[in-house]
Structure formats: structure tokens, C-alpha cells
Amino acid sequence: MREPIDPVGLDFERVSPKLVTVRLIERGLGALVLTTVASLPLVLHLTGPWRGLPAWLAWSLPLAVLLAMIWRLVLIPRQVRAIGYAERDDDLLICGGIFFQRVMVVPYGRMQYVDVSVGPVERAFGLSSVKMHTASASTNAVLEGLPAAEAARLREQLSARGEAKLAGL
Amino acid sequence: MSAAKGYDDGGAVAPQSNPPGPAVGFRTGPEDQWRRVHPVSPLVRGWLAVVGLIVVFGRNSFDDLVQAIGTGGRHRPGGAPVWLILSVLAAAVVIFAVVFFLSWFYTRYQVTDDHVRVNSGVIFRQQRQARIDRVQAIDVVQPLLARIFSLAELKFEVADAGKSAMKLSFLNLDEAKRLRAAILARASGMRVDPDQPSAISEAPEREVLALTPGRIAGATLLSGITVAALVLTALVVGALLGTGSPALLVVFIPLLLAVGAAYWKAFTTDCNFRVAVSPDGVRLHYGLLDTRAQTIPPGRVQAVGVTQSPLWRLTGWYRVHVNVAGYGADHGDSGGRTVVLPAGTEAEVMTVLGLIFPDPGVADPVRVFTAGLRGKGRDQGFIHSPRRARLLDPFAWRRNAYRATDTALLCRHGLLFRRLQVVPHERTQSLSLFQGPLMRRLGLVDFELHSTAGPVRPMVHHLDLVSARELFTGQAARAASARRTGRPERWMEERPAGPDLAGAASPSSADKDNQYEQ
């Protein structure tokens, strides 16, 4: 299951499979809202006030949105399986993405602070997200779907190592 | 390390502005010793508001007033009576005076051994405190009006991506300089003799290069402004010929004004550009009307970018930018602050690089950096995109390359717009590899090195999978070992024991031979 751009010889920890359910719920709700909004012209067209709208446009808009949303939902399990992280002696590696793959290394000595956040859906499944910040704004190191205990452990670990290794900016 | 170590060799050059003895300023006093900025400051800061009010008010009433006085107190019918005009004037003066006085009265600052503190605000009070050893850069800024009063603003930057941490506006120029020296001395970790705190003299400054006004003018003329002006002119002329309506000529007026203003701004900002070096870091002086002196202490430069536009290839000039954590992305009024060399020849670029990175980490820096500036292919150990990257980068694939020296990573880009980015291993924040679907098909990977906010975004495009992976893991390891042996925040303190790189990178190396000169 190792993606080709990842560094060789490393075992990545995977995030909790429950993240699939969390994302399905969150994105499913989003998809529902978006599709409803996109269906408004269709409703107006069918009920009368917007007769002038061509029928094909009225139907294809919500359909296109719906298809895109379904595609996004279908991808979720694979996306979640692609997320991984590995703690090394000096840095933390994070990988993710299927079509657009990314692997990132964040040195402990460069970490400025660590955020742990829990959303309502995440909380229901006992998951949290950990975000690491360096002095660079382009460091976009987020790990979603960690079990709460693992997130707490990681936070403590990162803070402790960061303090020990911090050297200026 | 003794108090004066590092400044020893330059003692004779120390400025006279700081006589020995109980001089004023910043002595490491008791906690409650607060100082105020110069009383004229609010006026210098608020003069635009005053002038604006005078213009608006004056336009309506000045005529009335003159006329009324001229005619012996009788005002012209319909005009405001004299007493009203005068009382409004008096009220305005009083209001301004009170506001200015309060804002001056409530602005106080303090420099202790470890902190700079500024309290300001009348209704909304603000207390700011910054750690001196976290200083990223110090600017002494003199707007035109402040220069007339011989005042200066002191800006103390910490790593907050561009928001100015501490702004002391305005101080006497001499005091601003002394304060800067005191802050830098404390930040450098020099021991300050508690009995003689004023013995801190400004670190001697040695001018390294100065750009002539001709160079700045030439650089301005060959800049994007000219290209934009030509394109716009061509558009207008085209429209003129197309429609045949001479009314379109009116368009030229704002166009001329805008172009003139852009030229003027570019020229006056960079005019008199001088680069100097002192044990406290690189110091840049520039500006024609508003002048600015920037000090970047050693080790505060996060990344360097050298660029050359196609027009500048005619003259062989380069522009050098830096990322400094305190400067941020260089937007707004502070524009141009990230430029450490507005237009320099290749030799001058090397000189500046030598000041910023005294230790290039390679035996033959000139060759390597020249290959980075205008080289192509595998010359000097650069590793470039594979041949199959031609599909995505038909022209520049042999320019897209990297080279890691012992101390820094060089990233090279672009055929028309040449760019070279240099990041010291110590300053590596985080790294990432990226691959999109098309790149996956071709077996290519983008490498990005994250630096602090700034004009330089170090990247290497479309690398071969194997070399990208090697760069990624190699760079992570190099960054880790550089952090362990890195120089301390306080640059005058001894570096922690470790592999001895000190010879090249110690503070006094600024006075050594520049390794980038042949």
C-alpha cells in the first residue's frame, strides 16, 4: 500500500479507519446542502417562476453537482487509507493523497506549536486532528483521524521533542 | 567572552557619537525606568492629517478671512464671519495639540537586559514586550519630515511574519542609533558591564559596496514599468488608429502620471543603496528622500533569491531578495525591504552572498554559484530534471536543478527569468514532495522547501523520482545535523561544541576575505 513517492524503508502508521465514516458524514452533509442549492433553478423551473430556463440546463446543473459529490464520497476510503505518518529521530513524516500525492517532513526542532482539535462528528467517533506549525506558513501539516489517546500522546511527544531540539528559527 | 570581544579590531573606528561616561539612554536601569519618544513625534506622524485639514478648511475660509481683514472686519456677504473662522481655527489647534500631547504622553518605552517594552494608546492602552534575543532585524527609518527634524523611527522586528513588533517613532537620530547598538549588543549575547552600560559603542561598520544613481536609474528604466508603459502605449495607439478619435489622447495623461510616479518611487526607494557589514550583521542604507538603515543580524536570513529578468540580461544585473522572519511577505508600505541588492553585477551578487552566508560549504563557491545563476545542465554538480520533463518544461528543463553544498541548498530555475534560491540547511523549516497525475505518468516529482513568509519560495520542479527522494531524505538529514551544530541565537556567544565549522562562520568572518571572490 506504499505510495511511490514515499521515502523507502519506512513504516508509516495509518490513521483510524473510523475517519472514513467521519468524512462520509461531514462531506455527505456538505454534498446535501450543495446539491439542494444547485437544485433551486430546477425547482423554480418546474414550479413555474423560471419557465424561461432551458430544461437541459435546469436538470444538468444539479446532476453535475451530485455526480461530483458522489465522486468525492467514493474517493474517501482510499484517501483515508493513503494518509500516514512516521516518527523518526529528528522529524515527523506525513503522507497523503491519491491523485495528488504529497509527502512532508516536519523537523521537531522547527515546530513552533502543535494544535489538537476535535469537531462534533469527530468527537462522536473519538477522533481528533493534530496540526503542526512551524515558522513557515506553507507548512501545512495536519493529521486527521487520530484516536484521542494517540493524538494526546503525539502532542506530548512532539512538544517534548520540539523543546529538546529547538534551535532558533 | 569578554565585553568588547569581536569589536576589538574596530575600536578605533567606533563613532564618536557615544562618548564614554554616564551617557543618556538605555542603561540597564531599574524596571520602572521608562523613557518617552521625542515630543515632535506626533506632529511628524500626523502632519498629513494637519495639512489635509488646512487645505480643506483653508480653501473655503482663507479667502474670506483675508478679505475680511483687508476690508477692516467687514466680511463679504454670504461668507462666514471672522470670529467664527478664527474660533474654528483655534479649536482645531487646541484639539490637535491635546491629541498630540496625549499620544506623546502615553507612549513610553523601556529597554532592559532581556526585553524591549512599549506602552502606548490613550483610550485603548497597549503594552508590548519583545525578547531582545529574538530580534530578527532592526530598521532605523527616516521619513523626509523626520529628517528635517533629525529624528528617526526605530523598528524592532521579531519573527511574526511582517507585523512590526516594536515601533519607536520618533527618536533623535543619535539616540535611535545608540538604542540600536544597545539592543544588538544585548541580542548578540555580549556581556554588558553593569557599571558602565553606556560603554557599548556601535559596532564598527565597513562599507562593502555602493550603487551609483546611474545604476538605479538604469535598473528602473529596464524594469517591468517600462514594459508595462510600452504595452499600454501600444494599446492606446492601437485604439487611436482603430477609432480615429483624438479624444482618446486624454488617456495618455493618467498613463503618464502613473508611469512617472512608478519610476519616481522605484528610483527614490533604491537610490543611494549601500551595503555595509559589521559584527552585528549586514547593514543596508538606502533612500533618496525617506532613508532607511536596515540591520540584519547574523543567521537571521532564512533564504536568498537571486533573480534576473530578460531585460537585465543585457546589462548582466541581478536582484537579490531575502526572507527574514520579521519582514514577512513584503506587502504594503514596507515594500522593498526584502531587497538586499536592487541591481548588482555578478561580482556584487557574490559579495552580498558572501556577507549573508560567510560559509558557502563548498570549495569553489564562485563556480558553483555562477553555475546556479546562469549555468545549464550538470555543470558543477547540479542535478536537473530528466529529459522526459521536456513535455512539461520544454525549454527550462535543463535549468531546473538543485545542488546541495555542506551548508546550503541551491535551487535553480527558469530560462528567461533566471532564478537562484539559496537556503542554509540550518534554516530549513519543513520539506515536501508533490506529485500530480500527469507528473506521476512521467515519473516526475516537485520538491518544495518551506521557508518563512517572504518573497523567496524555494522549490525544485519536475525532478526525477529517484533524485527527488534522495534530495528529500538527504535534505532532512542535512537540516537535522545543521541544527545540531548551528550557530546560537546570540551570535557573539561561543557556538556549542561540535564539529568545528567556526573558522568560516564565526562572527568575525565578516572581516575575513570573502570566499566568493576569486
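In this report, we go over the structure that sits alongside the text. Only a predicted model underlies this, so the values are computations on that prediction, with no experimental measurement involved.

With that out of the way, let us pick up the overall build of chain A. The number of helices and strands found in chain A is 4 helices and 7 strands. Traced from its N-terminal end to its C-terminal end, chain A shows the element sequence β-α-α-β-β-β-β-α-β-β-α. The buried share of chain A, reckoned over its 169 residues, is 43%. Considering only intrachain contacts with a sequence separation of at least 6, the fraction spanning at least 24 residues in chain A is 54%. On chain A, roughly 8,700 Å² of surface is accessible, and the fraction owed to carbon and sulfur atoms is 64%.

Quick look at the packing of helix 1 (residues 18-47) of chain A against helix 2 (residues 55-82) of chain A now. Residues and elements named next belong to chain A. Where helix 1 meets helix 2, the closest approach of the two axes is 8 Å, and the angle between their N-to-C directions is 175°. In terms of their interaxial angle, helix 1 and helix 2 are classed as roughly antiparallel. Along the lines of polarity and charge, the residues of the contact of helix 1 with helix 2 split into 21 nonpolar, 5 polar and 3 charged.

With that settled, consider the sheet that holds strand 18 (residues 418-424) of chain B. Residue and element names in this part refer to chain B. Spatially, 14-13-12-18-17-16-15 is the arrangement adopted by the 7 strands of the open sheet, whose pairing is antiparallel. A single partner strand is all that each edge strand has here, and the edge strands are strand 14 (339-344) and strand 15 (383-384). The sheet contact formed by strand 12 (residues 301-308) and strand 13 (residues 318-324) spans 6 bridges and is antiparallel. The residue bridging V304 from the neighbouring strand is V322, located in strand 13.

With that settled, the discussion passes to unusual backbone geometry. Most peptide bonds take the trans form, and the phi angle of most residues other than glycine is negative. Residue and element names in this part refer to chain B. Across the junction of S169 and F170, the peptide omega takes the value 0°, indicating a cis bond. Tracing the backbone through its elements, the reader meets F170 in strand 7 (residues 166-172). In the Ramachandran plot, S150 falls in the positive-phi region, its phi being about 55° despite a non-glycine side chain. Mapped onto the elements, S150 comes out in the loop between helix 3 (144-148) and strand 6 (151-157). Residues other than glycine seldom take positive phi values, yet H462 does so here, at roughly 50°. Structurally, the position occupied by H462 is in strand 21 (residues 459-464).

Residues and elements named next belong to chain B. Taken together, 4 strands build an open sheet; the order of strands is 1-2-3-4 and the sheet is antiparallel. Two strands in the sheet have a free side with no partner beyond their single neighbour: strand 1 (35-36) and strand 4 (126-131). Where strand 2 (residues 108-111) meets strand 3 (residues 115-120), 4 bridges bridge the pair, whose relative direction is antiparallel. The residue of strand 3 that forms the bridge with Y109 is V118.

So, about the pairing of strand 6 (residues 127-134) of chain A. All names here are of chain A. Taking burial as the measure, the 8 residues of strand 6 include 7 buried ones, the bulk of the element. Bridging between strand 5 (residues 111-117) and strand 6 involves 6 bridges; their strand directions are antiparallel. The residue of strand 6 that forms the bridge with V114 is M132. Relative to strand 7 (residues 141-147), strand 6 runs antiparallel, the two sharing 5 bridges. In the sheet register, M132 faces strand 7, and the bridge partner there is A141. The loop that links strand 6 with its antiparallel partner strand 7 comprises 6 residues.

Taken residue by residue, the interface counts 31 residues in chain A and 31 residues in chain B. Linking chain A to chain B there are 1 salt bridge. If you list the elements that add at least two residues to the side of chain A that touches chain B, you get strand 3 (91-96) and strand 4 (101-107) of chain A. In terms of residues, the side of chain A that touches chain B owes the most to one element, strand 4 of chain A, which gives 7 residues. Of the residues that constitute the side of chain A that touches chain B, the class distribution is 17 nonpolar, 7 polar and 7 charged. Sheet topology note: the strand 4 of chain A/strand 19 (residues 430-435) of chain B ladder contains 5 bridges and is antiparallel. Looking across to strand 19 of chain B, one finds that V103 of chain A is bridged to L433 of chain B.

Further remarks concern the pattern of salt bridges. All names here are of chain B. Taken as a whole, this structure holds 20 salt bridges over all chains when the rule is applied. Of the charged contacts, one joins R374 and E346 as a salt bridge, the two residues approaching to 2.7 Å between their closest N and O atoms. One end of the pair, R374, is in helix 9 (residues 365-374); the other, E346, is in helix 8 (residues 346-356), and 28 residues separate them in sequence. Exposure remark for R374: the relative accessible area of 44% places this residue in the partly exposed category. Counted as one network, the salt bridges with shared partners bring together D139, E157, R292 and R337.

This part covers the environment of H45 of chain A. Residue and element names in this part refer to chain A. Structurally, the position occupied by H45 is in helix 1. The sequence separation of H45 and W59 amounts to 14 residues, and the corresponding C-alpha distance is 9.5 Å. Apart from the residues lying within four places of it in its own chain, the contact partners of H45 are W50, R51, L53, A55 and A58. At a separation of 3.2 Å, a polar atom in the side chain of H45 contacts the main-chain carbonyl oxygen of L53.

Rules behind the numbers
- Residues numbered from 1 in each chain as written.
- Chains lettered and ligands numbered in written order.
- Predicted model: local features only at pLDDT ≥ 70, side-chain atom pairs only at ≥ 80, totals over all residues.
- Heavy atoms only, no water.
- Helix = DSSP H or I, 4+ residues; strand = E, 2+ residues; numbered from the N terminus.
- Buried < 20%, exposed > 50% of the residue type's maximum accessible area, 1.4 Å probe, protein only.
- Contact = heavy atoms within 4.5 Å.
- Areas by Shrake-Rupley, 256 points an atom, 1.4 Å probe, with all protein chains shown as cover.
- Axes fitted to C-alpha atoms, helices over the stretch in contact; angles between N-to-C directions.
- Parallel < 35°, antiparallel > 145°, perpendicular 65-115°, else oblique.
- Nonpolar A, V, L, I, M, F, W, Y, C, P; charged D, E, K, R; others polar.
- Pairing = 2+ DSSP bridges.
- Salt bridge = Lys/Arg side-chain N within 4 Å of Asp/Glu carboxyl O.
- Polar contact = N/O pair within 3.5 Å; in protein donor to acceptor, adjacent residues only side chain to side chain.

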